[in-house]
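# Survey of secondary and tertiary structure
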Amino acid sequence: LAFFPGLLIHGYGHFYADDYITGDVLLGGEVLSVLSVGLGALIKSDTTTFSGGLLGSPVNADNIGSNLIWGGIIAFGGLWIIDMAHAPTAAQEFNNEHGLKPVVFFENDHPILAMACKF
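None of the values given here were measured: they were computed from a predicted structure.

Conventions and cut-offs
Residues numbered from 1 in each chain as written. Predicted model: local features only at pLDDT ≥ 70, side-chain atom pairs only at ≥ 80, totals over all residues. Heavy atoms only, no water. 1 Å grid on protein atoms, 1.4 Å probe; cavity = no way out; pocket = protein on both sides within 12 Å on 5 of 7 lines; lining within 4 Å. Points joined across faces, edges and corners; volume = space filled by probe spheres on them. Helix = DSSP H or I, 4+ residues; strand = E, 2+ residues; numbered from the N terminus. Nonpolar A, V, L, I, M, F, W, Y, C, P; charged D, E, K, R; others polar. Expected span 1.5 Å × (residues − 1). Bend = angle between axes of the 7 residues up to and from the residue. Buried < 20%, exposed > 50% of the residue type's maximum accessible area, 1.4 Å probe, protein only.

## What to know about the layout of surface pockets
- Volume-wise, the largest pocket comes out at about 210 Å³.
- In this structure, the largest pocket is lined by 10 residues; those nearest its centre are L1, G13, Y16, A17 and A91.
- The element contributing the most residues to the lining of the largest pocket is helix α4 (residues 58–97), with five residues.
- Taken together, the residues of the lining of the largest pocket sort by class into eight nonpolar, two polar and no charged.

What follows is the structure in structure tokens.
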């Protein structure tokens with residue numbers, strides 16, 4: 001779940017494992033990274049509109065736009081990697097808290113993987 005749909009919704013694997021704090025942080029970071037890419041693209045689309053004021057010359061506006069785009073792309077990819085790397089740990093913690101254990105059994109000569117709950 002962290003791989004896909006986690007690519008589109010960062011933290012999805014953590015939400016599934018009831019780790020809402022980490023899921024919220026990853027999803028919030030994804031939203032900020034997408035906004036950064038969008039704002040950078042907007043600034044780069046017409047640097048003369050955004051020149052002056054805080055951004056300075058059109059050259060500065062172009063550089064700031066590029067930095068926002070690349071920063072957003074790096075943050076998006078990095079957060080996705082963190083999500084995929086930590087989701088198995090979150091799932092293991094969830095399984096331990098709820099007494100779940102993976103088991104394999106055969107039904108009609110076909111192996112079946114399931115989660116067993118200890119009472």
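## Section: α4
- The end-to-end C-alpha separation of α4 is 56 Å, in line with the 58 Å expected for 40 residues at 1.5 Å each.
- Considering bend angle alone, the principal kink of α4 is centred on H86 and spans about 35°; proline P88 follows within four residues of it.
- Those residues of α4 that fall on the buried side of the exposure criterion are A61, G65, I69, G72, L79, W80, D83, A87, A90, F94 and N95.
- Two residues or fewer past α4, G99 is found with a positive phi of approximately 65°.

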